[in-house]
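One-letter residues, chain by chain:
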Amino acid sequence: RVFTTVARRHHKAPFVFASRAAGLPLLFHDTMAAMASSSAFVGTPVGSAPRGSRVRAAVARRSAAPTVAVATPSKKETQEPKRSKVEIIKENSDFLRHPLIAELATEASFISEDAAQLYKFHGGYQQDDREKRSFGAGKFYQFMMRTKQPAGTVPNKLYLTMDDLADTHGNGTLRLTTRQTYQLHGILKTDLKTTFQAVINNMGSTLGACGDINRNVMAAPAPYSKELKPEYGIAQELAKDLGDLLAPQSGAYYDVWMDGEQVHVEEKPEVVACREDNRFGTNYVGSPEPIYGTLFLPRKFKIGITVPGDNHIDFLTNDVGICVVMDGKEHVGYNVYVGGGMGRSHRNNDTFARLATPVGFVAKEDILYAVKAICCAQRDYGRRDDRKMSRLKYLVHEWGVEKFRAVTEQYMGKAFAPLHDLPEFTMPTYHGWNDQGDGKMWYGVHVVNGRLRGDAKKALRKVIERYELPVRLTANQDLLLTDILPEWQTDIMATLAAGGVKDASEVDTIDAQSIACPALPLCGLAITEAERGLPDINKRLRATMNKVGLPSDEAILIRMTGCPNGCARPYMAELGFVGDGPSSYQVWLGGTSNLLTLAEPFADRVKEANMETFFEPVFHAFKAEKHADERFGDWVNRVGFESIKTHQENYKGLPTPTATAAPVVAAPVAAVPVAAAPVVAAPVAAAPVVAAPVAAIPVVAASVGRLPRVMIERDAFEVLKTYAEKHNTSLTEAATAAILKLDEQ
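Residues numbered from 1 in each chain as written. Predicted model: local features only at pLDDT ≥ 70, side-chain atom pairs only at ≥ 80, totals over all residues. Heavy atoms only, no water.

A. Spotlight on the overall build of the protein chain. Per the secondary structure count, the protein chain includes 21 helices and 27 strands. A buried classification covers 58% of the 745 residues belonging to the protein chain. The long-range share in the protein chain, meaning contacts at least 24 apart out of those at least 6 apart in sequence, stands at 68%. A total accessible area of about 29200 Å² is found for the protein chain, and carbon and sulfur atoms account for 54% of it. (Helix = DSSP H or I, 4+ residues; strand = E, 2+ residues; numbered from the N terminus. Buried < 20%, exposed > 50% of the residue type's maximum accessible area, 1.4 Å probe, protein only. Contact = heavy atoms within 4.5 Å. Areas by Shrake-Rupley, 256 points an atom, 1.4 Å probe, with all protein chains shown as cover.)

B. Local environment of the pairing of strand β13 (residues 357–363). Of all the 7 residues making up β13, 5 are buried; the element is thus mostly covered by neighbouring parts of the structure. Taken together, the 6 bridges between strand β12 (residues 330–338) and β13 define a ladder with antiparallel strand orientation. Looking at β13, one finds that Asn335 is bridged to Phe361. (Pairing = 2+ DSSP bridges.)

C. Quick peek at the sheet that holds strand β11 (residues 320–327). Pairing is mixed in the open sheet, where 5 strands are placed in the order β9-β10-β11-β12-β13. With one partner strand each, in any of the chains shown, β9 (218–219) and β13 form the two edges of the open sheet.

D. Geometry of unusual backbone geometry. Here the bond from His98 into Pro99 is cis, since omega is 10 degrees, no more than 30 degrees from zero. With respect to the secondary-structure elements, Pro99 resides in the loop between α2 (85–91) and α3 (100–104). With omega at 5 degrees, the peptide bond leading from Leu520 into Pro521 counts as cis. Counting through the fold element by element, Pro521 comes out in the loop between β19 (515–516) and α16 (534–547). The backbone of Arg569 sits at a positive phi, close to 55 degrees, despite the residue not being glycine. Relative to the assigned elements, Arg569 resides in the loop between β20 (558–561) and β21 (575–581).

E. Structural context of helix α7 (residues 230–245). Counted at 1.5 Å a residue, the expected span for α7 with its 16 residues is 22 Å, and the 23 Å between its end C-alpha atoms agrees. Judged by how many residues are buried, α7 sits mostly within the fold: 12 of 16 residues are covered. Buried within α7 are the following residues: Pro230, Glu231, Tyr232, Ala235, Gln236, Leu238, Ala239, Asp241, Leu242, Gly243, Asp244 and Leu245. (Expected span 1.5 Å × (residues − 1).)

F. Seen up close, the pattern of salt bridges. Per the counting criterion, the structure on display carries 37 salt bridges. The shortest N-O distance in the salt bridge between Lys90 and Asp212 comes to 2.9 Å. Taken together, the positions of Lys90 in helix α2 and Asp212 in the loop between α6 (192–200) and β9 put the pair 122 residues apart, joining distant regions of the chain. The class for Lys90 is buried, based on a relative accessible area of 0%. (Salt bridge = Lys/Arg side-chain N within 4 Å of Asp/Glu carboxyl O.)

G. Representation of the packing of aromatic side chains. Scanning the entire structure with this criterion turns up 30 aromatic pairs. Judged by centre distance (5.0 Å) and plane angle (85 degrees), the rings of Phe602 and Phe641 are edge-to-face. With Phe602 in strand β23 (residues 600–607) and Phe641 in helix α19 (residues 641–650), the pair connects residues that are 39 residues apart, well separated along the chain. Like Phe641, Phe602 is buried. Members of the aromatic cluster, joined through ring pairs, are Phe577, Tyr585, Phe602, Phe614, Phe615, Phe619, Phe622, Phe632, Trp635 and Phe641. Residue placement shows Lys229 over the ring face of Tyr224; its charged tip is 4.4 Å from the ring centre. (Phe/Tyr/Trp six-rings, centres within 6.5 Å; stacked < 30°, edge-to-face > 60°. Lys NZ or Arg CZ within 6 Å of the ring centre and 35° of its normal.)

H. Inspection of the sheet that holds β20 at higher detail. Here we have 5 strands laid out as an open sheet, ordered β19-β20-β21-β22-β23, and mixed in their pairing. Sheet topology places β19 and β23 at the edges, where each strand pairs with a single neighbour. Here 2 bridges tie β19 to β20, and the two strands are oriented parallel to one another. Bridging across to β20, Ala516 finds its partner in Met560.

I. Region of the structure containing the confidence of the model for the protein chain. On average, residues of the protein chain carry a pLDDT of 85, and 81% of them reach 70 or more. Every residue in residues 1–76 scores below 50 in pLDDT, and together they form 158 contacts with partners more than four places removed in sequence or on other chains. Contacts of residues 664–707 to residues separated by more than four positions or lying in other chains number 145 contacts, the stretch itself having pLDDT below 50. (pLDDT = per-residue confidence, 0-100.)

J. Highlighting the state of the cysteines. In the structure shown here, the tally under the stated rule is 0 disulfides. With no disulfide of its own, Cys375 lies 5.5 Å from the sulfur of Cys376, the closest cysteine sulfur. Given a relative accessible area of 0%, Cys375 falls into the buried group. (Disulfide = S-S within 2.5 Å.)

K. Region of the structure containing the packing of helix α10 (residues 367–381) against helix α12 (residues 401–412). Where α10 meets α12, the closest approach of the two axes is 8 Å, and the angle between their N-to-C directions is 115 degrees. Here the hand of the crossing between α10 and α12 comes out right-handed. Counting all contacts with α10, which are made through Tyr369, Ala370, Ala373, Ile374, Cys376, Ala377, Arg379, Asp380 and Tyr381, the residues of α12 involved are Phe404, Val407, Thr408, Tyr411 and Met412. A per-class count over the contact of α10 with α12 returns 11 nonpolar, 1 polar and 2 charged. (Axes fitted to C-alpha atoms, helices over the stretch in contact; angles between N-to-C directions. Left-handed = near helix turned anticlockwise from the far one by under 90°. Nonpolar A, V, L, I, M, F, W, Y, C, P; charged D, E, K, R; others polar.)

L. Looking closely at the nonpolar core. Membership of the largest hydrophobic core comes to 111 residues, with the highest contact counts inside it found for Ile305, Leu479 and Leu481. Among the elements that make up this core, the one with the highest residue count is α10 (10 residues). Beyond its immediate sequence surroundings of up to four residues, Leu479 is in contact with Tyr159, Leu176, Tyr443, Gly444, Val445, Val447, Leu452, Leu460, Val471, Arg472, Leu473 and Thr474. Of all hydrophobic cores here, the second largest spans 36 residues; its members include Cys517, Met560, Phe641 and Ile644. (Core = buried A, V, L, I, M, F, W, Y, C linked by side-chain atoms within 4.5 Å.)

M. How the structure looks around the pairing of strand β5 (residues 141–146). Of all the 6 residues making up β5, 5 are buried; the element is thus mostly covered by neighbouring parts of the structure. Across 5 bridges, strand β4 (residues 124–128) lies against β5 in antiparallel orientation. From the neighbouring strand, Asp128 faces β5, where its bridge partner is Tyr141. Pairing analysis gives 3 bridges linking β5 to strand β8 (residues 182–187), with the strands arranged antiparallel. Bridge assignment links Arg146 to a residue of β8, and that residue is Gln183.

N. Quick look at the environment of Val307. With respect to the helices and strands, the residue Val307 is situated in the loop between β10 (303–306) and β11. With 17 residues separating them in the primary sequence, Val307 and Val324 have C-alpha atoms 5.0 Å apart. Not counting chain neighbours up to four residues away, the residues in contact with Val307 comprise Glu231, Tyr232, Ala235, Cys323, Val324 and Phe425.

Spelled out as structure tokens, the structure:
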């Protein structure tokens, strides 16, 4: 297949650049003929026109005929390429205004599909709560709003605003995402505008949190002082600068939500200069969107910035991964990686998860231009005909990194240098008390799958409001309370403990690292449970590990998503669960604890009810064969899938225990049963859990290590769920407490 840049009106064939880096001819639209001095070229343009005239011609063409469907495979260059429906919606929207403005003013509880696509760019999704549908009434529409928090930084004022909005306009909970942002769920259409206005007026923004655009820029969030570890502040500042650079410029955001009232955003002069720089024909001259034009990007565009040795943010899973490079205490530049991404589709082998590929090193003064160049390359060459194939990772995979580097260097006007060496990476959680290096402390709070609710939410509010603390959101869905004076520690710990917030020392090592996407009931793509199901599954897996004799503090990095799109990055986990059917998961094994290795699919259609049966042989083999201090993911990669599956097939079980504990009944979440945690009487005698199905799910016969499920009435389940949410506990713990009280009577 030949990929060419296609414009709305063709006037001449593209130029051909002979790339010395790739060793192959590359096809470029003639808008790329304008370059920097010859010393910066990777290739030499074929053509006799003077460079100045080519620059003027390129600029004129980009202004008059914006790209409409680039990098779409076609047999004939003059053939009008196919475009996805979303491309048409973007083109006709007047830079994301219409029909969203009109749709928000109607009395309907929902907005049209066209408006919903535009709403994504403004920061959210239209959703349907599947569990609140009434018979004959259709979908129960509500809206999710997502904020933009570069590096996860949250001013005190904004935290309190979001906490208030969760109660007044949301569903009473606050969601911390895997990309260091907030999500507010359950907003009704009538409350949308006031909700957005509250965020904008209190130091926040949602612009570009979703949609075909640069998303929230992640960065290692630890709040170290520049005297102690300056690289963290450098990464966090770059996250803000890149967020500003690639933010939409048309003003549509304020037209929609603020009735045209503009809110002044302070930007660095170097950010503005980079955005306006068109020496290499990258911009749409005269357009309200100089970088994006009318069509924005082919798909979402994600950036992650880290520091040497710290891979908390999974930086290689981004379209652009960046690592700060230091020479002692001096900042010299950045290593740059391209083409990472997690999204894939079941039964579509053309889609896949991919780690970013090294592209090179740039000096610190060139990083804005390098990222802009990468973004523009994706804009002009990413596919716009098939949204499943539109991410940057597929372009890099199709071209190869050498060709992609050559194209990007033409947009940037400079060549990348070789990568600088970096130390080994680890994945810190940032939990507990830590010294910032400026006389103050930070405290990392574990938040179960990022959902703040009930007493824990109230306790955090008290502490953050009382001491006027700024906050950092982490990529592991946790919360960092920052700028704490040492004399405040005792009161903070007491207040949080009273709200049921566990200290880091009390959190199971599995729970401390695990993350999950929201999934059911709100995500329209979810096939099964994730956020609501993982806590109980973690407990059951811990009990199974204990049963085979593994230490109670054995850590395994576990992640779960309700569909294959990979929002919780399950393909990087040592043990990843990817929903592939009702109460069913595809199991991925082989990711590593430093998040530098992709997992691989190990098994399909593993039922939630059979977790113990499936994993007991695996954990038994791990216990028997692991080396000292060897992590689960490293063991998987050393012995291989074939060996593990052979052990599963030949496993006869542990010796019959002499005693077992009473089974525990766990209630399901509405419409989908939730896994319950087993109770362990002794390391060799784990009691099975009985998870209650809904009426539509038949009772499951007992299997090895499990007793039959037990059903409960819907009314009883609703009481159980309300109790669990109020007390910030799991359904299993709530059910266990209720049953034990019966035994006391």
